[in-house]
Amino acid sequence: MLAGPAWAQTSVTSSGREGPTACVGSAEIDAANMPITALSTSSVTITVPQVTWSGYVPRFGDGNRPTGSATVGAAVYNAETGVRRGGAQSFAFISSGSPTYAGGSATTTGLDMKTRYYVDYYVAKSGFADQVFARRCFMTGGSYTMAVDPAAGQTSGCFSISPRTIQDVRNCLCGRGNNSPRVLGLFTDETQNQALRDSLGCR
């Protein structure tokens, strides 16, 4: 009986993913105006856009409309369970007398690695439905162990990881583009590698 190939193992680390391919059950909303500026295995930093009182109040139509002031905030949710991660972050109050929040940056820590989330940027007032102005989907980074045949310069790749969900495979593929040695890359043509990473939303 012939011996099989001597496979080794190697690990790759993904910096995470963002965008529509990381969404679960709900689409992004005006995500281009709410970029993720930092993403890791346990935290995310977003930049939230300007929001105005005149952009908020008309969403309630011609009937009962909010008066007084409302809170501008953001919150991160586990996309699989819908459970909010930690508390919501309040940025400012807006009102007819103080009509504009100029935008800013916010960081949420304590996230689970290799997990899909979304962040909502909203305006809220008691007695009225929250109005989501932007939503961004993302998946935190993490490490994956693959089976590799160094002698052949090949790997069975991210389809050898466990657990092998489609989302983890995508996350792992992002990691293959970030690591050394270069044999872990998917293609010899770096343009192809970058195109794949872009399509997966790799950081």
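First, a word on scope: everything that follows refers to the structure included in this document. Nothing here was measured: the structure is a model prediction, and the numbers come from that model. Sequence positions are assigned chain by chain, starting from 1 and proceeding in written order. Reporting in this predicted model follows two pLDDT cut-offs: at least 70 for local features of residues, and 80 or more for side-chain atom pairs to be given and counted; totals over whole chains, interfaces and linings ignore these cut-offs and use all residues. Here the side-chain values reflect all heavy atoms present in the structure, with hydrogen atoms and water set aside.

1. Re the sheet that holds strand 2 (residues 17-18)
- The sheet built from five strands is open, its strands ordered 2-11-10-6-7 with antiparallel pairing. Of all strands in the sheet, those bounded by a partner on one side alone are strand 2 and strand 7 (89-95). Only strands that DSSP links by at least two bridges are regarded as paired with each other. In this text, helices come from DSSP runs of H or I with a minimum length of four residues, and strands from runs of E with a minimum of two, each type numbered from the N-terminal end.

2. Overview of helix 3 (residues 190-200)
- For helix 3, the full list of buried residues reads Asn 193, Arg 197 and Leu 200. Buried positions in helix 3, seen along its axis, are confined to an arc of 65° and lie on one side of it. Turned more than 90 degrees from where helix 3 packs its buried face, Thr 191 and Asp 198 sit exposed.
- Contacts are residue-level and defined by heavy atoms, with any inter-residue pair within 4.5 Å sufficient. In this structure, the buried residues of helix 3 make contact with strand 2 and helix 2 (166-176).
- Note on helix 3: the residue one or two positions beyond its end, Gly 201, has a positive phi of about 75°. Throughout, exposure labels follow a simple rule: accessible area from a 1.4 Å probe, protein chains only, divided by the maximum for the residue type, with under 20% read as buried, over 50% as exposed, and the rest as partly exposed. Note: the arc covers the axis-to-C-beta directions of the helix.

3. Details of unusual backbone geometry
- In this structure, Pro 163 follows Ser 162 across a cis peptide bond, with omega equal to -5°.
- With respect to the helices, strands and loops of the structure, Pro 163 is situated in the loop between strand 13 (154-155) and helix 2.
- Of note, Lys 114 is a non-glycine position whose phi angle comes to about 50°, a positive value.
- Take Lys 114: its relative accessible area is 29%, and that puts it in the partly exposed class.

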